[in-house]
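Single-letter residue listing:
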There are 2 protein chains.
Amino acid sequence: MSPLTLSTAFSPRSSQLHPRCLHFLSHSLPIFYKFKSPHSFCPKSQNRPIFLVRNCASITAKPSSQFRKKSADSEQDEKLRSLRELFSKPGIGIDAYIIPSQDAHQSEFIAECYMRRAYISGFTGSAGTAVVTKDKAALWTDGRYFLQAEKQLSSNWILMRAGNYGVPTTSEWLNDVLAPGCRIGIDPFLFSSDAAEELKEAIAKKNHELVYLYDLNLVDEIWKESRPEPPRKPIRVHELTYAGLDVSSKLSSLRSELIDAGCSAIVVSMLDEVSWLLNLRGNDVPNSPVMYAYLIVEIDGAKLFIDDSKVSPEVMDHLKNAGIELRPYESILAEIKNLAAKGAHLWLDTSSVNAAIVNTYEAACDQYSGSLDNKRKNKSEAYGVANGQSGVPTGVYKISPILLAKAVKNQAELEGMRNSHLRDAAALAQFWSWLEEEILKGVLLTEVDVADKLLQFRSMQAGFLDTSFDTISASGANGAIIHYKPNPDSCSIVDVKKMFLLDSGAQYIDGTTDITRTVHFGEPTPRQKECFTRVLQGHIALDQAVFPENTPGFVLDAFARSFLWKIGLDYRHGTGHGVGAALNVHEGPQSISFRFGNMTPLQKGMIVSNEPGYYEDHAFGIRIENLLCVKEMDTPNRFGGIGYLGFEKLTFVPIQNELVELSLLSTAEIDWLNDYHSEVWEKVSPLLDGSARQWLWDNTRPLAKQ
Amino acid sequence: MSPLTLSTAFSPRSSQLHPRCLHFLSHSLPIFYKFKSPHSFCPKSQNRPIFLVRNCASITAKPSSQFRKKSADSEQDEKLRSLRELFSKPGIGIDAYIIPSQDAHQSEFIAECYMRRAYISGFTGSAGTAVVTKDKAALWTDGRYFLQAEKQLSSNWILMRAGNYGVPTTSEWLNDVLAPGCRIGIDPFLFSSDAAEELKEAIAKKNHELVYLYDLNLVDEIWKESRPEPPRKPIRVHELTYAGLDVSSKLSSLRSELIDAGCSAIVVSMLDEVSWLLNLRGNDVPNSPVMYAYLIVEIDGAKLFIDDSKVSPEVMDHLKNAGIELRPYESILAEIKNLAAKGAHLWLDTSSVNAAIVNTYEAACDQYSGSLDNKRKNKSEAYGVANGQSGVPTGVYKISPILLAKAVKNQAELEGMRNSHLRDAAALAQFWSWLEEEILKGVLLTEVDVADKLLQFRSMQAGFLDTSFDTISASGANGAIIHYKPNPDSCSIVDVKKMFLLDSGAQYIDGTTDITRTVHFGEPTPRQKECFTRVLQGHIALDQAVFPENTPGFVLDAFARSFLWKIGLDYRHGTGHGVGAALNVHEGPQSISFRFGNMTPLQKGMIVSNEPGYYEDHAFGIRIENLLCVKEMDTPNRFGGIGYLGFEKLTFVPIQNELVELSLLSTAEIDWLNDYHSEVWEKVSPLLDGSARQWLWDNTRPLAKQ
């Protein structure tokens, strides 16, 4: 999948800790300009690497066709009227309300009942923030969605084209349109603590107060009965065969880290972290096998906050074995207060844990200590807490230790990734074989037909669960729209005379896939071949890279671009993102990107995508994506006494030889392609028969060296 | 020249503005470990890119043979005794005194009279800091100099092996050995303002006070008559043919910047900035054609603070034409006070301007305004000063605007660089031709003999002035010592059976050169050939890089390492440093380094070195260095509507084909080498005759492709 979804997580604000970096970034690489984040409320990652998926840009999972294309103005107006009526209700008393895209866990994919911004504004794009004052309503979104937002917003909404010159941020706009000293309301569950703090600071310039409305979400109040129920899909145990490490071992490592940090408990709020730590998988949101839950791990126990109707007896046993008790999802704040009262020192990752939790804890600590000088001063360090339970409770504000533990895969996770990728490759071979035949027969297929058929092939593979993101099926010029999502009512026919880009992935019981291939069914132009070949050369250069331990991913990014740069071309997205093992298709902390802020070193066992591309507006798009696993290389030397790392390929699907301009490739590059294809045949052909096997044979023949 | 001298300029402290970067840097790339700066007083570059040469690590220009190898203990003790006697003198009253390596201008090369640390301690290495308390004396230096310092320090000195585990910084040590509340003296001229502020903060933890002794340098007091006179070499006009831009034009641009920043004047303190701005060149320090001077440029005038005995009538006219008046060098502080009294807003680059100047200005401003709340709060921004001369004077603390202006060369400067490089190449061809013949004849030549002969050949070239740094002439294992400097008394014979590394450069009237070649006079081992070839491949990859405008140099660094990385090798220095045009051989702000803090984009007209290497301890060293000029590339596309940049070679000296392992090279790499050699022949052969011409012919023959 294109790492552009990662890029939307880049908030200029999140780099404010690096004023110099930011300064140069914003003026330096031109490839930034498209990605100025519209998310005024992206949390600033105090301790986290700053380009994490999790921080913002929730991508709505529902196809837009399930929403009405353009709600009647009157209905939208009615919603705004109802919302504003609530502003003056007792216990509320606000002058404006901010409705972000997020759920309470900063998830990339969210359940429909949490799509409040879409409900209130009518705008269903994945990224956006709605702000409603007593007499104005404005919606911020980025360049990908300007057209869609124009169509979907009623005349009562102002569209804020984020990133365009002169367009204010949400807080700038609020500071501008409100008289000084107003009260601006938010649902504190929907903002990370960092994001809320940042917002509070920004609006304080105009003496506005940020009001946390804990008890009710104003949009839910007006949504009422028509609001979908929160998801209650059953959760399941993620078998040890795939997880590789049992829950007790994971908890035990985590507890060691808590003790080392002088903490008595940690609040885990990211859904994939809860799933990974407990070896559980859910089905509450599309594309990600997770369930809505919070987890609190103490030194001597753990509590899972979840709707218990999702918990089968088997899962209950699994949890009991690991010493985990159940609590209602809604009781999280009550437990936070209890912990503060007990004097617990909580580890809180304020870049992901929501403001409701962090503020409740801090307020309870203040109450407990009877003092107000108990605020966090230095988020990155514990305050020399000698003993986890003694003294005045204080938070330890650090990046979640689960983030890195989850990113570095163990052998069982890697085995699951390898196996699921082979089955995925088999499905793709069947699909491409079918598609080529249909297209060449002259059958008219739309981009959506094609995506549906792909889903069908994948569904037949063992352990298939879901797609891992919405399939990007793009013919011709649509391929140049990096986040293209075909709409059944308006999408294109897959044209035999044009290039076709297909970026898709799946969730299997044992792994998560993400692959892009670009093909031409007819005769590509020399231009298309040259661009494709240079993208391929970048792909090969990154695939073949060897680098010392402790190298951050961005150091390798230029390898993937250098062949395009030679002829003055480039692409406006990162080259690689992390991928979970039978978990989220986007995960941190590592990345391979031209943005230099993510200093996380690539480590053995991490998974990254390798997906350089090139996009020619109104013409075609090219992307070649494999998933890679970071492995130790057996280099003949180990200069500096350290290890050297490289990549193992996980993806085994042919790259179209017909698009390769052979004269541009070096012998070593031709060898790479031939070796890859020979490995594809070897690994995937046993899973195929009939025409798909023939197609694989035809498409893995070596290119002759010139 | 090896950019390691740049690396010594890296102070962990100087990154404190990037807490996250620092965190990861210090734990990430192992290639850092050798470079933890011993310079506790490296200024933290508030506004400057952080890896500037200027900030520290003065390299003493005098060959160590001119100092006594090991001063008699008694003489050193006598010096310490005299120094300590001064501590209790009226108007002094200190408990410790810090003697850094620097002069008052943060120069890389300094005049002998300013080598106070060498005088007081007996340690003559280029980098070090001496600290003397009433009963202790300690000297900090880094790994390059441990052996030398052990030999040179008397038993009264404690050697602090900076970078070794557990070795404190100077301020940590002072905080440790002194009772709380002591007075620690410094000469405020020898510390940048940033460095002094940082020191002040560090020792405040133990309640110590930093005492600025403006009126006398305590070392000079005891040095007395034996102290060399300050240099008074005549200065000369740097002809417009070479400078390309007259002084009035340069001043006019500078004044526009002053006005834009709301300033009424700027204090220029870096010697190369004064020289560049005034189109003057001096001869006060070895290797750099500069003269000791400060310059103050006001909106309507300018004053040069200099010993007027250096100023010939011709130079006087040149200065008068540009409206520049002379003032005595020593009157700088008086003028600073005058300016404050006039209400002038001074632009001060606190990373280079010394603490004496900045503090004098601030104190005078306080006095002028009668208030004490006039301290700088935000160094990076002017305080909304509406008018350069009105209101309470305040400093504008920003990076010097001359830094970038000087780094981006104009056509005349580039032409001078090109021409001087061809003459330098001719001298090198004569030298290599001579050396090869002598060595193969069996003549025994030491590393110093060889360096002397090289100087002789260069001296015969038109416009030759000086070496641009001390020649690194290293046979065999000495080549693995990155900063090796042969000592006439102890250096090696250049061995026909070993590799020989020669890194040298020259100052010409029209340009500055810096080149490294590594050769073998006999039969290299397969290991040596493989390493040499991989270094060469990195050199070629960087040379051939094409990249979008606004790319910082570090993005390209991995290109130069990737071939070594493949077999688990690396080198522990950056790949490229900036070079002045007939000025300092090291200049900022750009660099090409694995350290990611320098975000300065490479710009058309900048000059950088391309010098990957590989060093096998106790065996051999390899470095291949050319100078490059950043040029615009005529790419067939300009994606993003911006320009794409690449490099033009300035250096034209053969690379030894005998060290190339042909089987490792791609066709394109062989073409590069053959094309380069053909260009070398074409450009340099017209300047040669006889055996040197024959040598050039022999050494520019194409390698056959395999």
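Because the structure is predicted, anything quoted here is derived from the model rather than measured.

Calculation rules
- Residues numbered from 1 in each chain as written.
- Chains lettered and ligands numbered in written order.
- Predicted model: local features only at pLDDT ≥ 70, side-chain atom pairs only at ≥ 80, totals over all residues.
- Heavy atoms only, no water.
- Helix = DSSP H or I, 4+ residues; strand = E, 2+ residues; numbered from the N terminus.
- Contact = heavy atoms within 4.5 Å.
- Phe/Tyr/Trp six-rings, centres within 6.5 Å; stacked < 30°, edge-to-face > 60°.
- Buried < 20%, exposed > 50% of the residue type's maximum accessible area, 1.4 Å probe, protein only.
- UniProt positions renumbered as here; feature names shortened; annotations may be inferred.
- Salt bridge = Lys/Arg side-chain N within 4 Å of Asp/Glu carboxyl O.
- Pairing = 2+ DSSP bridges.
- Axes fitted to C-alpha atoms, helices over the stretch in contact; angles between N-to-C directions.
- Parallel < 35°, antiparallel > 145°, perpendicular 65-115°, else oblique.
- Nonpolar A, V, L, I, M, F, W, Y, C, P; charged D, E, K, R; others polar.
- Core = buried A, V, L, I, M, F, W, Y, C linked by side-chain atoms within 4.5 Å.
- Polar contact = N/O pair within 3.5 Å; in protein donor to acceptor, adjacent residues only side chain to side chain.
- Disulfide = S-S within 2.5 Å.
- Expected span 1.5 Å × (residues − 1).

*Asks:* What am I meant to see in the overall build of chain A here?
*Replies:* The helix and strand inventory of chain A stands at 21 helices and 29 strands. In chain A, the proportion of contacts linking residues at least 24 apart, taken out of those at least 6 apart, comes to 73%.

*Asks:* Got a minute to help me understand the packing of aromatic side chains in this structure?
*Replies:* Aromatic rings in a pair are described by how distant their centres are and how their planes are angled relative to each other. Going through the model one piece at a time under the given rule, you end up with 42 aromatic pairs over all chains. Ring centres 5.3 Å apart and planes at 20 degrees place the aromatic pair A:Trp672 and A:Tyr676 in the stacked group. Placement of the pair is A:Trp672 and A:Tyr676 together in helix 20 (residues 667-684), with a separation of four residues, close to one helical turn. Accessibility classification places A:Trp672 together with A:Tyr676 in one group, the buried group. Their ring planes at 15 degrees and their centres at 5.1 Å tell us that B:Tyr294 and B:Tyr329 sit as a pair that is stacked. One end of the pair, B:Tyr294, is in strand 12 (residues 294-298); the other, B:Tyr329, is in the loop between strand 14 (324-327) and helix 13 (332-341), with 35 residues separating them in the sequence. Under the relative-accessibility criterion, B:Tyr294 is labelled buried at 1%.

*Asks:* Mind showing me how you'd approach unusual backbone geometry here?
*Replies:* Backbone phi values are negative for most residues with the exception of glycine, while trans is the configuration of most peptide bonds. Of note, the amide linkage connecting A:Gly588 to A:Pro589 takes the cis form, showing an omega dihedral of 0 degrees. Here A:Pro589 is to be found in strand 24 (residues 587-592). Not every positive phi belongs to a glycine, and A:Ala582 is a case in point at roughly 55 degrees. Structurally, the position occupied by A:Ala582 is in the loop between strand 23 (576-578) and strand 24. Notably, B:Asn279 is not glycine yet its phi reads approximately 50 degrees, a positive angle. Relative to the helices and strands, B:Asn279 is located in the loop between helix 11 (271-278) and strand 11 (280-281).

*Asks:* How should I be thinking about the UniProt feature "domain: Peptidase M24 C-terminal" (unreviewed entry) in chain A in this particular structure?
*Replies:* Here, the residues flagged by UniProt with the feature "domain: Peptidase M24 C-terminal" (unreviewed entry) are residues 643-703 of chain A. As a span, residues 643-703 of chain A carries 44% helix and 10% strand, and end to end its C-alpha atoms are 34 Å apart.

*Asks:* Is there a simple way to think about the UniProt feature "domain: Creatinase N-terminal" (unreviewed entry) in chain A in this case?
*Replies:* If you check UniProt for "domain: Creatinase N-terminal" (unreviewed entry), the listed places come out as residues 83-206 of chain A in our numbering. Spanning residues 83-206 of chain A, this segment combines 31% helix with 19% strand, and its end C-alpha atoms are found 24 Å apart.

*Asks:* How should the pattern of salt bridges be read in this particular structure?
*Replies:* Pairing between side chains of opposite charge can happen when the charged atoms of each approach one another. Considering all chains together, one arrives at 70 salt bridges over all chains under this definition. A:Lys200 is paired through a salt bridge with A:Glu197; the nearest N and O atoms lie 3.6 Å apart. In this pair, A:Lys200 and A:Glu197 are both assigned in helix 7 (residues 193-204), three residues apart and thus about one turn of the helix distant. One salt bridge connects B:Arg327 with B:Glu325, and the closest N-O pair in it is separated by 2.9 Å.

*Asks:* Would you mind going over the sheet that holds strand 4 (residues 129-133) of chain A with me for this structure?
*Replies:* Backbone hydrogen bonds hold the strands of a sheet together, and the pairing may be parallel or antiparallel. All names here are of chain A. Ordered in space as 6-5-4-2-7-8, the six strands form an open sheet in which the pairing is mixed. Looking at the sheet topology across the chains shown, the edges are occupied by strand 6 (158-161) and strand 8 (209-212). Each neighbouring strand pair of the sheet contributes to a mean axis angle of 25 degrees, computed without reference to strand direction. Helix-sheet contacts for helix 6 (residues 170-177) involve strand 2 (96-99), strand 4, strand 5 (137-141), strand 6 and strand 7 (183-186), and the interaxial angle to strand 4 is about 10 degrees. Running at roughly 145 degrees to strand 8, helix 7 makes contact with strand 2, strand 7 and strand 8 of the sheet.

*Asks:* Which parts of the structure should I look at to understand the side chain of A:Thr360?
*Replies:* Within the secondary structure, A:Thr360 sits in helix 14 (residues 355-369). If we ignore the near neighbours within four places in the chain, the residues touching A:Thr360 are A:Tyr214, A:Leu333, A:Ile336, A:Lys337 and A:Ala355.

*Asks:* Before we go on, may I ask you to explain the packing of helix 16 (residues 411-441) of chain A against helix 21 (residues 690-698) of chain A in this structure?
*Replies:* All names here are of chain A. The geometry of helix 16 relative to helix 21 is characterised by a closest axis approach of 8 Å and an angle of 90 degrees between their N-to-C directions. One element, helix 16, and the other, helix 21, form an angle in the roughly perpendicular class. Judged by residue contacts, Ala429, Gln430, Trp432, Ser433 and Glu436 of helix 16 engage Ser691, Ala692, Trp695 and Leu696 from helix 21. Taken together, the residues of the contact of helix 16 with helix 21 sort by class into five nonpolar, three polar and one charged.

*Asks:* Can you help me understand the nonpolar core in this one?
*Replies:* Here is a general trend for soluble globular proteins: nonpolar side chains tend to be buried in one another's company. Formed by 175 residues in total, the largest nonpolar core has its most connected members in A:Trp432, A:Leu435, A:Phe647, B:Trp432, B:Leu435 and B:Phe647. Element by element, the count of residues in this core is highest for helix 16 (residues 411-441) of chain B, at eleven residues.

*Asks:* I would appreciate a short explanation of the sheet that holds strand 21 (residues 515-520) of chain B in the present structure.
*Replies:* Residue and element names in this part refer to chain B. Strand order in the open sheet formed by three strands is 18-19-21, with antiparallel pairing between adjacent strands. Strands with a single pairing partner mark the edges of an open sheet, and in this sheet they are strand 18 (472-475) and strand 21. Pairs of neighbouring strands in the sheet enclose a mean axial angle of 10 degrees, with direction left out of account. Sheet topology note: the strand 19 (residues 499-504)/strand 21 ladder contains six bridges and is antiparallel.

*Asks:* Looking at this structure, I do not really get the environment of B:Arg458. What am I missing?
*Replies:* Residue and element names in this part refer to chain B. Relative to the elements of secondary structure, arginine 458 occurs in helix 17 (residues 447-459). Under the relative-accessibility criterion, arginine 458 is labelled buried at 2%. In sequence terms arginine 458 and aspartate 424 are 34 residues apart; their C-alpha atoms lie 6.6 Å from each other. Within polar-contact distance, the side chain of arginine 458 engages the side chain of aspartate 424 at 2.6 Å.

*Asks:* Could you clarify how one ought to interpret the pairing of strand 25 (residues 607-610) of chain B in this entry?
*Replies:* Each regular strand carries side chains that alternate between the two faces of the sheet. Residue and element names in this part refer to chain B. In strand 25, alternate side chains face the same way, and those of Ile607 and Ser609 on one face and Val608 and Asn610 on the other are all buried. With four bridges connecting them, strand 25 and strand 28 (residues 626-633) associate as antiparallel partners. In the strand pairing of strand 28, isoleucine 607 is matched with cysteine 629.

*Asks:* Where do I start with the state of the cysteines in this structure?
*Replies:* By definition, a disulfide links two cysteine residues through a covalent bond between their sulfur atoms. Evaluated as defined, the whole model comprises zero disulfides over all chains. Cysteine B:Cys365 shares no disulfide, and the gap to the nearest cysteine sulfur, in B:Cys263, comes to 12 Å.

*Asks:* What is the right way to read helix 18 (residues 526-543) of chain B from this model?
*Replies:* Since there are 3.6 residues in each turn of an α-helix, residues three or four apart along the chain are aligned in direction. The terminal C-alpha atoms of helix 18 of chain B, which comprises 18 residues, lie 25 Å apart, in line with the 26 Å expected from a rise of 1.5 Å per residue. Burial within helix 18 of chain B is extensive, with 13 of its 18 residues counted as buried.

*Asks:* Teacher, can you tell me more about the pairing of strand 24 of chain A here?
*Replies:* All names here are of chain A. Counted residue by residue, strand 24 has six buried out of six residues, so it is predominantly covered. Here strand 23 runs beside strand 24; their pairing, made up of three bridges, is antiparallel. Bridge pairing in strand 24 links histidine 577 to serine 591.

*Asks:* I would appreciate a short explanation of the environment of B:Ser504 in the present structure.
*Replies:* All names here are of chain B. With respect to the helices and strands, serine 504 occurs in strand 19. In this structure the C-alpha to C-alpha distance between serine 504 and isoleucine 515, which are eleven residues apart in sequence, comes to 5.6 Å. Those residues in contact with serine 504 that lie beyond four places of it in its chain are Leu454, Arg458, Phe469, Thr471, Asp514 and Ile515. A distance of 2.8 Å separates a polar atom in the side chain of serine 504 from a polar atom in the side chain of arginine 458.

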